[in-house]
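Results of the structural survey
Spelled out, the chains give:
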Amino acid sequence: MAIDWKRYDPAPLYDELINKPGKPRGPGKALAEYLASLDEGEIHSRKQAADSAILEMGISFTVYTEGENIDRAWPFDIIPRVIARKEWDQVSAGLEQRLNALNLFIDDIYNEQRIFQDKVIPRYVLNQSKNFREQCIGIKPPQGVWAHICGSDLVRDGSGQFYVLEDNLRVPSGVSYMLENRQVTKRVFPEMFESSSILPVDEYPTQLFDMLASISPRPQDYPEIAVLTPGIYNSAYFEHSFLAQRMGAELVEGADLVVGDDDCVYMRTIDGLERVDVIYRRIDDEFLDPEVFNPDSMLGVPGLMRAWRQGNVGLANAPGAGVADDKVMYAYVPDIIRYYLDQEPIIPNVPTYLCVNEKDRAYVLDHLDELVVKPANESGGYGMLVGPHATKKQRAEFAQLIKKDPRNYIAQPTLDLSVAPTLCGDEIEPRHLDLRPFILQGVRTDVTAGGLTRVAMRKGSLVVNSSQGGGSKDTWIVDEEN
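Below, the structure is looked at part by part. Residue numbers here run from 1 along each chain, matching the order of that chain's written sequence. The predicted nature of this model means local features are confined to residues of pLDDT at least 70 and side-chain atom pairs, given and counted, to a pLDDT of 80 or more, with totals for whole chains, interfaces and linings taken over all residues. Remark: hydrogens and water are excluded; side-chain values derive from all non-hydrogen atoms of the structure.

1. Some remarks on unusual backbone geometry
Cis geometry marks the peptide bond from Ala11 to Pro12, where omega comes out at 5°. For the purposes of this entry, the term helix denotes a DSSP run of H or I that reaches at least four residues, the term strand denotes a run of E that reaches at least two, and both are numbered from the N terminus. Tracing the sequence through the fold places Pro12 in the segment before strand 1 (18-20). In this model, Ala316 is joined to Asn317 through a cis peptide bond whose omega is -10°. Within the element layout of this structure, Asn317 appears in the loop between strand 14 (314-316) and helix 11 (327-330). The phi angle at Gln113 is positive, at roughly 60°, despite the residue not being glycine. Tracing the sequence through the fold places Gln113 in the loop between helix 3 (85-109) and helix 4 (114-117).

Structure, rendered in structure tokens:
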């Protein structure tokens, strides 16, 4: 298992660390040389150290299967992904540009709707959006920001070009695992952090707190911030409790909050009711307020939308932000950037076919064996068809789904996703990966230095989600000039 990079050949795929056998890319040279200096026993002990740290730190995720919730240890690969800072600065600028435009778009949708009047986007796209909330029409949140936290998924193609695969604007998750990946890696490779200029990610909880504080209706040094969770059985509960603890915020469930006669939100405490200024909600819109959305919801807070509309509480992300999370809306983001910012997109979209368009639909139905087909409003890799890996029966079933509800499906080419060296048993093998950076927007915008790298642990697989067998790596943004 001792690593010999001359024997590692990812061709014909683009590898993030190794340019060609025996030749690491510039920003990853120090890491590649360090890994090659370790013998088989040392690599094995580092892997064991990572596994022990994950158990000791209680890093887990929940999988729903056959009516049961199963907690599993976080799947982690010890070999980091490395990106040059110079390259990342450009990506970071592109992510900031994208979220700026998306927030202008969401604000326009719930107010003037100029983008439809100017015929930049067809109105039917909005009329058939499952995440458009009529209850949000006319609302103007602080700074005009609706999506305060965004997790945009990036992929590289065979040339090394970054693309935005999708935007996650409703309740984006995964940032706690980015932070924990870094802590585990520091335990495994402490020497590398002493000798390399690896940009930190540890400031994220402080940046998150500052962003949330910036939308408080009561300007003060220490607003009362609460993280609203569906509870311990939610798959992301680890992250909810992790972020609340790191920010010094209260972790609450819907039953812990009440909206008073003054339309302010209060938290039940042993000392009585205490006002809450900002809620970082990790509950989907439809369960947020039973007075406005799903009347049967036991997770939300009756009257919360009323309090928000009156400007008495800050909500992040704002209800209705998911209208831009729609994968059909995604196809129009380059036009959205040009319209609101008068700029060309810094990071391109993956080419996308809209099945609602007759010409696109005909092409998709004729090329299902070559394309990835996704439903407009699903996440986590669920409900999609990876054409080249699907059976003839599965493709036929998807053809019927597309014909029945064409607005609900998009299709994209199967990119030659980049790979990175991954420890698979006793061997180092290339595995496909993606990247989810996190962008915060309030009075200012912050982009994480890297993000959550997810890796497909199965050979040849393009599915990186942990719930479907994927794993994760630490992401290093390396400043080569220092």
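From this point, the discussion proceeds with the structure in view.
2. A short note on the packing of aromatic side chains
Working definition: rings of Phe, Tyr and Trp (its six-membered ring) pair if their centres are within 6.5 Å, and the pair is stacked with planes under 30 degrees apart, edge-to-face with planes over 60 apart, and tilted otherwise. One pass over the structure, following the stated rule, counts eleven aromatic pairs. With 5.6 Å between their ring centres and 90° between their planes, Trp5 and Tyr8 make a pair best called edge-to-face. Like Trp5, the residue Tyr8 is buried in the burial classification. Judged by centre distance (6.0 Å) and plane angle (75°), the rings of Phe398 and Tyr409 are edge-to-face. You can see Phe398 sitting in helix 14 (residues 392-404) and its partner Tyr409 sitting in strand 18 (residues 409-413), a full eleven residues away along the chain. Like Tyr409, Phe398 is buried. A ring is considered to have a charge above it if a Lys NZ or an Arg CZ atom is located within 6 Å of its centre and within 35 degrees of its normal. Here the basic side chain of Arg25 rests over the ring of Tyr14, its NZ or CZ set 4.1 Å away from the ring centre. Above the face of the Phe193 ring, Lys186 is positioned so that its terminal group lies 5.9 Å from the ring centre. For every residue, the accessible area (1.4 Å probe, protein chains only) is compared with the maximum for its type, and the residue is labelled buried under 20%, exposed over 50%, or partly exposed between those bounds.

3. Section: the pattern of salt bridges
Any Lys or Arg side-chain nitrogen located within 4 Å of an Asp or Glu carboxyl oxygen qualifies as a salt bridge. Scanning the entire structure with this criterion turns up 30 salt bridges. Where Asp479 meets Arg85, a salt bridge forms, and the shortest distance between an N and an O atom there is 3.2 Å. Separated by 394 residues along the polypeptide, Asp479 in the segment after strand 25 (475-478) and Arg85 in helix 3 bring together distant segments of the chain. Asp479 sits in the buried class, given a relative accessible area of 10%. Through salt bridges with shared partners, one network takes in Glu16, Arg81, Glu87 and Arg156.

4. A closer look at the sheet that holds strand 15 (residues 353-354)
When DSSP finds two or more bridges between two strands, those strands count as paired. Reading across the sheet, the four strands line up as 15-18-16-17 and stay open at both edges, with antiparallel pairing between neighbours. Of all strands in the sheet, those bounded by a partner on one side alone are strand 15 and strand 17 (385-386). The sheet contact formed by strand 16 (residues 371-375) and strand 17 spans two bridges and is antiparallel. Paired with Val372 across the two strands is Val386, which belongs to strand 17.

5. So, helix 9 (residues 237-247)
Spacing of three or four residues puts side chains on the same side of an α-helix, whose turn is 3.6 residues. The complete set of buried residues in helix 9 reads Phe238, Glu239, His240, Phe242, Leu243, Ala244 and Met247. Note on helix 9: the residue one or two positions beyond its end, Gly248, has a positive phi of about 75°.

6. Some remarks on the pairing of strand 11 (residues 265-269)
With three bridges joining them, strand 10 (residues 257-259) and strand 11 adopt antiparallel strand pairing. Directly across from Val258, in strand 11, lies its bridge partner Tyr266. If you look at the hairpin formed by strand 10 and strand 11, you'll find five residues sitting between the two strands, and Asp263 has a positive phi there, around 60°. In terms of strand pairing, strand 11 meets strand 12 (residues 272-275) through four bridges, oriented antiparallel. By the bridge assignment for strand 12, Arg268 is matched with Leu273. Where strand 11 folds back onto strand 12 in an antiparallel hairpin, the turn is made up of two residues.

7. Quick look at the environment of Pro413
Turning to its location among the elements, Pro413 is positioned in strand 18. The exposure class of Pro413 is partly exposed, given its relative accessible area of 29%. When neighbours within four sequence positions are excluded, Pro413 is seen to be in contact with Val350, Pro351, Tyr353 and Leu371. Residue contacts follow a heavy-atom distance rule, with two residues in contact if any of their heavy atoms lie within 4.5 Å.

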